[in-house]
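Now for the letters of each chain:
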Amino acid sequence: MEAAWSKAISLAPGNAAAWSNRGTARLQNGQWQAAYEDLLAAARLEEQQLGAPNGLTLNNLGNAEGALGRWQDAMRHYEAAADYADIGSIALANYALAAFETGDNELAIKSARSLLRRCVQ
């Protein structure tokens, strides 16, 4: 799958979706730094082309940051992704997990409770 996205990127380097999809494939394969670089490229392209990165890209960028142990940065991406209806609940759950990883148990619990209240409504 990664090879197909690499080919797509070589044919259309301005295609943010190709960068995001290759980054996601690399994330799934445990290639954390390469995934981060691809997802960052996708976010920058989306910013240029659409005015803002999409929620899925932001959430996956947070996943790459977390895999690299950069939990504060991951939380920033999850928080931004939470504003998008299609990924918001997942991003909030990831935010709570990231808060736990930083040792901020109070924030993790508060975030998880907030997510549960949001899902029950």
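The structure this text deals with has already been given above.
The rules behind these values
- Residues numbered from 1 in each chain as written.
- Predicted model: local features only at pLDDT ≥ 70, side-chain atom pairs only at ≥ 80, totals over all residues.
- Heavy atoms only, no water.
- Helix = DSSP H or I, 4+ residues; strand = E, 2+ residues; numbered from the N terminus.
- Rg over C-alpha atoms; globule rule 2.2 N^0.38 Å.
- Buried < 20%, exposed > 50% of the residue type's maximum accessible area, 1.4 Å probe, protein only.
- Areas by Shrake-Rupley, 256 points an atom, 1.4 Å probe, with all protein chains shown as cover.
- Lys, Arg positive; Asp, Glu negative; His and termini not counted.
- Charge placed at Lys NZ, Arg CZ, Asp CG, Glu CD.
- Expected span 1.5 Å × (residues − 1).
- Contact = heavy atoms within 4.5 Å.
- Polar contact = N/O pair within 3.5 Å; in protein donor to acceptor, adjacent residues only side chain to side chain.

K.L.:
Help me understand the overall build of the chain in this model?
P.N.:
Along its length, the chain carries seven helices and zero strands. Reading the chain from its N end, one meets helices and strands in the order α-α-α-α-α-α-α. Compactness check: the chain gives a C-alpha radius of gyration of 15 Å against a globular reference of 14 Å for 121 residues, within 12% of the reference. Across its three principal directions, the C-alpha atoms of the chain cover 45 × 25 × 20 Å. With 121 residues in all, the chain has 40% of them scored as buried. Here the chain displays about 6,800 Å² of accessible surface, and carbon together with sulfur accounts for 55% of that area. The averaged location of the 13 negative side-chain charges in the chain is 2 Å from the averaged location of its 10 positive side-chain charges.

K.L.:
In this structure, what is going on with helix H2 (residues 16–28)? I would like to understand it.
P.N.:
Residue pairs three or four apart in sequence face the same way in an α-helix, which turns once every 3.6 residues. Along its 13 residues, H2 runs 18 Å from first to last C-alpha, staying within 8% of the 18 Å computed at 1.5 Å per residue. Burial analysis of H2 places 10 of its 13 residues in the buried class, which makes it a mostly covered element. Of all the residues in H2, the buried ones are Ala16, Ala18, Trp19, Ser20, Arg22, Gly23, Thr24, Ala25, Arg26 and Leu27. For H2, the elements touching its buried residues are helix H1 (2–11), helix H3 (32–50) and helix H4 (55–67). If you check the start of H2, you find a side-chain oxygen 3.0 Å away from the backbone N of Ala17, and it comes from Asn15. Gly30 sits one or two residues past H2 and shows a positive phi near 75°.

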